[in-house]
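Single-letter residue listing:
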Amino acid sequence: MVTAKAARRRRRVAVREEYCIGCRLCEVACVTRHSRSRDVVAAHKTESPRPGGGVRFEAAGPVSLAVSCRHCADPLCVEACLTGAMARDPGTGRVVHDPARCVGCWMCVMTCPTGVPRPDPAAHRLAFKCDLCGGDDLPACVAACPNAAAVLVEEDEP
Amino acid sequence: MTADLLVIGHSVAACHAAEAARGAGLAGSLVVVGDEPAGNYSRPLISYYLGGRLGRDELSFRSQAFYDRNRIQVLAGRRAVALDPAARTVTLADGERLGYRSLLLATGGEPIVPPIKGWREGLGGVFTFTKLADADALAAWLDARGSDDCVVLGGGLIGLKATEGLLARGVRPRIVELADRVLANTLDREASAILERRLAVAGCEVRKGRTVAEIRAGGDRVSSVVLDNGEVLPARTLIVAIGVKPDLRLVRETPMAVERGILVDSRQRTNLAGVYAAGDCAQGPDFLGLKPAVIAIWPVAARQGRIAGLNAAGASGETAGAIPMNAVQILDVPAVSFGVTNPAPGGGHEILKRDDQAGGKYRKIVLLDGRVVGVVLVGEIDRAGLLGTLIRERADVSDRRDALLRADLGLLDLPADLRRRLVDAPPPAPLKNSSGPARSRSVR
Ligand SMILES: Cc1cc2nc3c(=O)[nH]c(=O)nc-3n(C[C@H](O)[C@H](O)[C@H](O)COP(=O)(O)OP(=O)(O)OC[C@H]3O[C@@H](n4cnc5c(N)ncnc54)[C@H](O)[C@@H]3O)c2cc1C
């Protein structure tokens with residue numbers, strides 16, 4: 001009746017708050033990587049709306065943290081999504097968001113345990129969420145982190 | 001035919017059950033019977049469809065590839081009419097009999113139509129609003145008869161969703177709501193007031209504390225409604241949206257244990273061997289320790305479907321209980337609620353509030369024993385999920401009341417151990433040199 005299922009590698013970016021110095025280079029890298037021009041100045045100064053935004057940065061005194069989608073193995077946002085815009089790629093295990101199918105029902109905003117999805121009520125749509133930089137070897141935020149606070153974690157799913 | 005997993009009802013609970021069962025290794029046949037003609041569509045999207053925001057081909061929440069990948073056989077447009085739990089068979093309206101090893105009842109809800117004087121089957125211009133066919137019929141009616149004088153009976157979730165669609169279509173309905181506010185079950189007075197003001201700006205009047213006592217017809221169609229105070233509202237179109245109730249037609253003649261819905265345990269099992277129930281037809285454990293309830297919302301249907309699918313496939317899966325939650329947007333004002341939003345006085349609840357009616361923003365947190373059990377957010381809903389986490393984790397937040405009321409509540413405001421668990425970063429490596437910490441092998 002029950003057969004074994006194939007193991008899958010789960011990839012995600014994690015931030016070690018012990019090392020995060022609040023430089024926000026991860027945010028800069030995310031914006032640039034997801035811009036049309038891939039140019040840091042154009043990405044921040046001329047492209048509208050501003051691209052990227054997959055990293056949520058917080059700071060309180062000396063502690064800082066930049067969190068992006070954890071690409072959960074058991075994503076509540078995918079379960080709750082009313083349209084199927086939020087989906088877990090069956091091949092890569094990545095949690096991907098298709099803005100064309102998003103109607104801004106806010107189910108993901110309501111259910112994400114880490115509070116990562118960013119609503120855009122005026123556009124009636126979710127703002128950009130982390131896509132692990134498509135097929136890139138290393139997500140831009142990880143590559144840009146001077147301190148290995150942002151790290152790429154890969155683990156086999158149980 | 002005998003199915004290894006037979007599902008009755010083809011909607012969100014069914015799809016999640018099928019995916020979970022396959023994921024857990026169910027190898028045999030998986031059959032879903034649904035009485036609606038179309039393939040899957042997302043029920044909540046019918047308001048966006050009515051409003052013209054989505055086309056008919058944009059309503060499906062799972063693609064054909066999903067069905068292929070999970071080897072799901074769909075019997076569409078077929079209705080199950082009888083269940084024989086002893087023989088483990090289900091009979092369809094056309095007489096076909098299907099056997100099952102495991103059965104999932106995911107029949108959802110049916111609209112409540114109260115007895116109203118003057119109501120009769122087939123009266124033109126009177127609609128319910130829960131299915132795609134309802135949205136099609138309503139749209140055709142509005143196109144043919146014009147959009148003036150539309151009345152929505154019920155200012156709950158479905159009534160407001162219908163209103164959203166109507167407004168987007170240029171129709172300005174009058175809402176008649178028995179309670180003293182819209183979304184009375186999920187929001188509170190202050191939150192509802194903000195949404196009601198937005199509705200007023202959109203030209204949509206809300207008659208509160210009133211219901212429809214009589215429907216008057218002109219020939220074969222509705223012409224007006226009489227409220228319980230005698231007032232007459234012209235009504236060329238009447239949408240009855242006072243709620244849904246579990247669809248129990250299939251189990252009425254069986255020894256199935258039911259209250260309001262089909263009673264299920266934390267694995268979605270019913271009292272009948274091999275029979276599970278999930279979604280809007282099921283009444284299961286409540287996370288906050290209240291009585292088992294029917295919590296008729298999409299995320300709960302998805303989760304319960306999933307748990308049923310896992311158990312039907314022989315894997316383990318258990319719910320800690322469902323939490324009511326909802327998100328809506330009226331024009332440009334979003335709102336989110338969780339859990340106990342209007343605690344009865346004397347229950348020991350503590351209420352934190354930040355009320356900015358003029359700015360259209362409102363935030364309320366309900367605490368019990370220093371733990372969050374209810375949330376209402378209007379206007380600013382960013383990071384709402386963190387509050388859901390605090391409820392699910394039963395985290396002690398008695399020392400961070402101020403943070404809970406801040407719109408920019410973040411992970412750093414959460415207890416450190418909980419935050420670390422959520423972020424789930426690898427443990428810090430010892431610093432090797434000034435250029436930074438060592439990078440372990442699993443970590444790049
Ligand atoms: C207009 C509207 C807006 C909504 N908006 C939201 C929202 O914003 N957020 C939210 O969380 N929830 C929302 N909901 C609620 C949400 O749609 C439901 O909770 C969810 O669809 C329940 O899923 P389900 O799988 O239990 O059953 P349903 O979606 O109700 O589907 C059950 C299916 O089973 C079929 N069926 C029943 N009996 C039989 C039978 N005997 N044989 C064959 N087929 C049968 C039915 O025809 C139906 O197709 C909304 C609902 C409506 C109507």
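Just so it is clear, the structure is predicted and the values come from calculations on it, not from any experiment.

In terms of regular secondary structure, chain B is built from ten helices and 26 strands. Over its C-alpha trace chain B gives a radius of gyration of 24 Å, about what one expects of a compact globule, namely 22 Å for 444 residues. Seen through its principal axes, chain B has C-alpha atoms that stretch 85 × 65 × 45 Å. Every one of the 444 residues in chain B was classed for burial, and the buried ones make up 54%. Approximately 18,300 Å² of chain B is accessible, and the part contributed by carbon and sulfur atoms is 49%. Once the 58 positive and 50 negative side-chain charges of chain B are each reduced to a mean point, those two points are 4 Å apart.

So, on to the confidence of the model for chain B. Within chain B, residue pLDDT values average 94, and 96% of them lie at 70 or more. This prediction of the complex comes with two scores: 0.94 for pTM and 0.94 for ipTM.

Around the ligand, the structure places 37 residues, and the nearest of them are Ser11, Asp35, Glu36, Arg43 and Lys131 of chain B. The environment of the ligand is shared, with nearby residues belonging to chains A and B. Asp280 of chain B is positioned such that a nitrogen or oxygen atom in its side chain is 2.8 Å from an oxygen atom of the ligand. Separating an oxygen atom of the ligand from a backbone N or O atom of Ala296 of chain B is a distance of 3.5 Å. Its free accessible area being 990 Å², the ligand has 98% of it covered by the protein chains. If you list the elements that add at least two residues to the shell around the ligand, you get α1 (12-23), β2 (30-34), α5 (157-168) and α7 (298-312) of chain B. Of the residues in the shell around the ligand, the class split is 18 nonpolar, ten polar and nine charged.

Residue and element names in this part refer to chain B. Within this structure, the stated rule accounts for 49 salt bridges over all chains. Lys117 is paired through a salt bridge with Glu214; the nearest N and O atoms lie 3.8 Å apart. In this pair, Lys117 is assigned in the loop between β7 (109-111) and β8 (126-128) and Glu214 in strand β12 (residues 212-218), connecting sequence segments 97 residues apart. Across the pair Asp265 and Arg269 runs a salt bridge whose closest N-O atoms are separated by 2.8 Å. Taking the relative accessible area as the measure of exposure, Arg269 reaches 40% and is therefore partly exposed.

We now examine the pairing of strand β2 (residues 56-60) of chain A. All names here are of chain A. Examined bridge by bridge, β2 and strand β3 (residues 63-67) share five bridges and lie antiparallel to one another. Bridged to Glu58 within β3 is Leu65. Between β2 and β3, which pair antiparallel in sequence order, lie two residues; one of them, Gly61, sits at a positive phi of approximately 60 degrees.

Contacts between the two partners involve 62 residues from chain A, matched on the other side by 68 residues from chain B. Roughly 5,000 Å² is buried in total at the junction of chain A and chain B, and carbon and sulfur atoms are behind 54% of that figure. Joining chain A to chain B, the criterion identifies eleven salt bridges. The partner of Arg306 of chain B in a salt bridge is Asp74 of chain A, with the nearest N and O atoms 2.5 Å apart. Applying the counting rule to chain A against chain B returns 25 residue pairs in polar contact (both at pLDDT 80 or more). Of all the secondary structure elements, the ones that give two or more residues to the side of chain A that touches chain B are β1 (9-15), β2, β3, α3 (76-80), α4 (107-111) and β8 (150-156) of chain A. Residue composition of the side of chain A that touches chain B, by class: 36 nonpolar, ten polar and 16 charged.

This part takes up the side chain of Arg62 of chain B. Take Arg62 of chain B: it is sitting in the loop between α2 (46-50) and α3 (64-69). Leaving out residues up to four positions away in the same chain, Arg62 of chain B has contacts with Val78 and Gly84 of chain A together with Cys15, His16, Asn40 and Tyr67 of chain B.

All names here are of chain B. Strands sit in the order β20-β21-β24-β23-β22 across an open sheet of five strands; the sheet is antiparallel. Here the strands that pair on one side only, and so sit at the sheet edges, are β20 (325-330) and β22 (349-356). Strand-to-strand, the axes of this sheet are offset by a mean angle of 10 degrees, without reference to chain direction. Alignment of strand β23 (residues 361-368) against strand β24 (residues 371-378), held across seven bridges, turns out to be antiparallel.

Residue and element names in this part refer to chain B. A rise of 1.5 Å per residue sets the reference length of α5, with its twelve residues, at 16 Å; its end C-alpha atoms lie 17 Å apart and thus fit the reference within 8%. Listing the buried residues of α5 in full gives Gly159, Leu160, Lys161, Ala162, Thr163, Glu164, Gly165, Leu166 and Leu167. Remark: Gly170 follows α5 within two positions and exhibits a positive phi of approximately 90 degrees.

Another aspect to go through is the pairing of strand β4 (residues 80-84) of chain B. All names here are of chain B. Where β4 lies against strand β5 (residues 89-92), four bridges are found, and the strand directions are antiparallel. Paired with Ala82 across the strands is Thr91, a residue of β5. Connecting β4 to the antiparallel partner β5 that follows it, the hairpin turn spans four residues, and Arg88 within it adopts a positive phi of roughly 55 degrees.

Conventions used here
- Residues numbered from 1 in each chain as written.
- Chains lettered and ligands numbered in written order.
- Predicted model: local features only at pLDDT ≥ 70, side-chain atom pairs only at ≥ 80, totals over all residues.
- Heavy atoms only, no water.
- Helix = DSSP H or I, 4+ residues; strand = E, 2+ residues; numbered from the N terminus.
- Rg over C-alpha atoms; globule rule 2.2 N^0.38 Å.
- Buried < 20%, exposed > 50% of the residue type's maximum accessible area, 1.4 Å probe, protein only.
- Areas by Shrake-Rupley, 256 points an atom, 1.4 Å probe, with all protein chains shown as cover.
- Lys, Arg positive; Asp, Glu negative; His and termini not counted.
- Charge placed at Lys NZ, Arg CZ, Asp CG, Glu CD.
- pLDDT = per-residue confidence, 0-100.
- Near = heavy atom within 4 Å.
- Polar contact = N/O pair within 3.5 Å; in protein donor to acceptor, adjacent residues only side chain to side chain.
- Nonpolar A, V, L, I, M, F, W, Y, C, P; charged D, E, K, R; others polar.
- Salt bridge = Lys/Arg side-chain N within 4 Å of Asp/Glu carboxyl O.
- Pairing = 2+ DSSP bridges.
- Contact = heavy atoms within 4.5 Å.
- Buried area = accessible area lost by both parts, 1.4 Å probe.
- Axes fitted to C-alpha atoms, helices over the stretch in contact; angles between N-to-C directions.
- Expected span 1.5 Å × (residues − 1).

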